Amino acid sequence: MSVSAPERRPAVRSRDGRVRALVGTLDARLTAPGPGYRLREVHTLVALVIGLRLVARDWAAIAERPAALTDGLTFVSWLPAALPAWLPVTLAVLGTAGVALVLARRRAHAGFVLAWVCYAVLCASWGSSGKVLHNDVLTVWVAVPLLFARVPRRDQDDERAVVWGWPPRAALAVLALVYWLTGVQKLRHSGIGWALSDNMTWVLRQGTSPHAAGVAQWVADHAVLASGLATGALLLELTAPVWLLWRRTRALFALAVAVMHASIWLFLGIDYSAWVLTAAAVAVPMSLATGRRLEDLRPLRAAIGRS
Amino acid sequence: MRGDGLSGAADGVGREPTAATVREDLHEDLREDLHEDARARRRARAVTWTVLGVIALGALVEAEAWPVTAFRLFSTVRTADGASLRLVVTGTDGVRVTVPMPADAPLAATSHQLAELRDLPTGARREKVVAWLRLAGLDPAAFTSAAVERTAWTMDGETRERHEHGPTTVLAQVTL
């Protein structure tokens, strides 16, 4: 015992050292200076996603839900169970006005906070029907670090500072964690059988596809294809932090989740467009090299348009 | 923030900036920048780790207090077998009617409350059933009782038809 104990100590120290080094590396990457324009791009794009969600839904429908059928714990459960129709409509209008302030770069921070609060309250109220809805939860969480960000003025776009660097990286970390957790929960509750059994076959057969019922059933009838679809989705979710850690694979991740959520929409009719847009809003600007702005992609867009 | 580092040099009205005052101002700007960076780093760590911690903890303990959630998206394995829940009301004339659940969002999700109806006090059960009846355009006064019935089914892989089997279980009963 007296011999083995000192032998173990270096191994423990080295493990602790490795953990400390990893935390140090992550911390250094999170708090490194960044350009003002990158924060502005991510801030504006996430605000745009919130704006799209605010205008795309008839929020007044919340008021049609009787108080007795309002159910589920949310951060607004303290509100009256039945809301008057004017309240959600007012919140949607106010939230949209907040997004407009962000786009106009006038009181952009206040505008973003206003938009987020209205959007989060509306989503929480919409989802208080007895089933946990995840359609907007990614956008809400990814936007949280941006609530604490100072927004650069026009003349600060080219400055590099810690204050501009950390918020988009924090949003990226939230994006990575959420996708990773969705994969972990599948493994936790179903094991690898989630991907390798006939699970996806039955998901497709029991789902309702308003867009491509025939294709969904065709995929369901080909076990290898269905299983491949499930394996791909699970792998994508579990490896999200790796894709998002490296600058060059971030845009690919946004593309991959767009394909995954588009297939869910096509085969099951479930709309996760907010996840696709949020992933793109954060991952695409963060995939650009330092010095390259999102506006620089305009010639590329024009070229695509011409072709 | 990162300025030109010389802004303070011209502050002394009627005084020519000397090399010493310029150096002093530069040092002050640098100190301010370092102080601001340190403050930004503290904020970055506090916000990021708190947000990530809350999200991770919510998933770990499977809390559902939106937006804190367990992030269980399609996390259970589906098979050919399943079960359906129905709200069935009995009229004053003894006729049984299956109450159609709302089809449009956000009311459609209220059907998920059927499974938990048995855990509620009598008054709350009745209120929910009355609300569903009114949404379906049915007069609650025309019915004497309601029940949540559970029926097991197996789906045919070829025809995609659900074949109900086994006894129908009454999960909850409500007197109207």
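Residues numbered from 1 in each chain as written. Chains lettered and ligands numbered in written order. Predicted model: local features only at pLDDT ≥ 70, side-chain atom pairs only at ≥ 80, totals over all residues. Heavy atoms only, no water.

## Looking at the sheet that holds strand S4 (residues 162-175) of chain B
Residues and elements named next belong to chain B.
Alright, step 1. Ordered by their spatial adjacency, four strands build an open sheet running S2-S1-S3-S4, and the pairing between neighbours is antiparallel. The sheet is open, and its two borders are formed by strand S2 (96-98) and S4, each paired with just one other strand. Taken pair by pair, the neighbouring strands of this sheet meet at an average axis angle of 30 degrees, ignoring direction.
Alright, step 2. Bridging between strand S1 (residues 81-91) and S2 involves three bridges; their strand directions are antiparallel. (Pairing = 2+ DSSP bridges. Helix = DSSP H or I, 4+ residues; strand = E, 2+ residues; numbered from the N terminus. Axes fitted to C-alpha atoms, helices over the stretch in contact; angles between N-to-C directions.)

## So, the pattern of salt bridges
Residue and element names in this part refer to chain A.
Alright, step 1. Enumeration according to the criterion identifies 18 salt bridges over all chains in this entry.
Alright, step 2. Arg 40 is the salt-bridge partner of Asp 157, the closest N and O atoms lying 3.0 Å from each other. Within this pair, whereas Asp 157 is found in the loop between helix H5 (137-147) and strand S2 (160-161), its partner Arg 40 is found in helix H2 (residues 36-56), the two being separated by 117 residues in sequence. When sorted by exposure, Asp 157 lands in the same class as Arg 40, which is buried.
Alright, step 3. Where Lys 186 meets Glu 237, a salt bridge forms, and the shortest distance between an N and an O atom there is 3.0 Å. A residue pair is termed long-range when its members are at least 10 positions apart, and Lys 186 in helix H6 (residues 162-190) and Glu 237 in helix H10 (residues 223-238) qualify at 51 residues.
Alright, step 4. Overall, Lys 186 belongs to the buried group, its relative accessible area being 3%.
Alright, step 5. In the salt-bridge network here, residues are joined through shared partners; they are Arg 40, Arg 105, Asp 157 and Glu 295. (Salt bridge = Lys/Arg side-chain N within 4 Å of Asp/Glu carboxyl O. Buried < 20%, exposed > 50% of the residue type's maximum accessible area, 1.4 Å probe, protein only.)

## Considerations on the confidence of the model for chain B
Residues and elements named next belong to chain B.
Alright, step 1. Model confidence for chain B is summarised by a mean pLDDT of 89, while 91% of its residues fall at 70 or above.
Alright, step 2. In this model residues 1-13 is a low-confidence stretch, pLDDT under 50, and it forms 22 contacts with partners more than four residues away in sequence or in other chains.
Alright, step 3. In the predicted assembly, ipTM is 0.91 and pTM is 0.89. (pLDDT = per-residue confidence, 0-100. Contact = heavy atoms within 4.5 Å.)

## Points about the domain arrangement of chain B
Alright, step 1. Once the domains are mapped, chain B shows domain 1 (7-71) and domain 2 (81-175).
Alright, step 2. Here domain 1 of chain B and domain 2 of chain B have C-alpha centroids that lie 56 Å from each other. (Domains from an automatic or database assignment.)

## Describing the UniProt feature "transmembrane region" (unreviewed entry) in chain A
Alright, step 1. Mapped onto the present numbering, the UniProt feature "transmembrane region" (unreviewed entry) falls on residues 85-103, 110-127, 133-149, 161-181, 223-244, 251-268 and 274-291 of chain A.
Alright, step 2. End C-alpha to end C-alpha, residues 110-127 of chain A measures 26 Å, and it is 94% helix and 0% strand. (UniProt positions renumbered as here; feature names shortened; annotations may be inferred.)

## Quick word on the pairing of strand S3 (residues 143-155) of chain B
Residues and elements named next belong to chain B.
Alright, step 1. Pairing geometry for S1 and S3, over eleven bridges, is antiparallel. In the strand pairing of S3, Val 88 is matched with Ala 147.
Alright, step 2. Pairing between S3 and S4: ten bridges, direction antiparallel. Along S4, the bridge assignment pairs Ala 147 with Gln 173.

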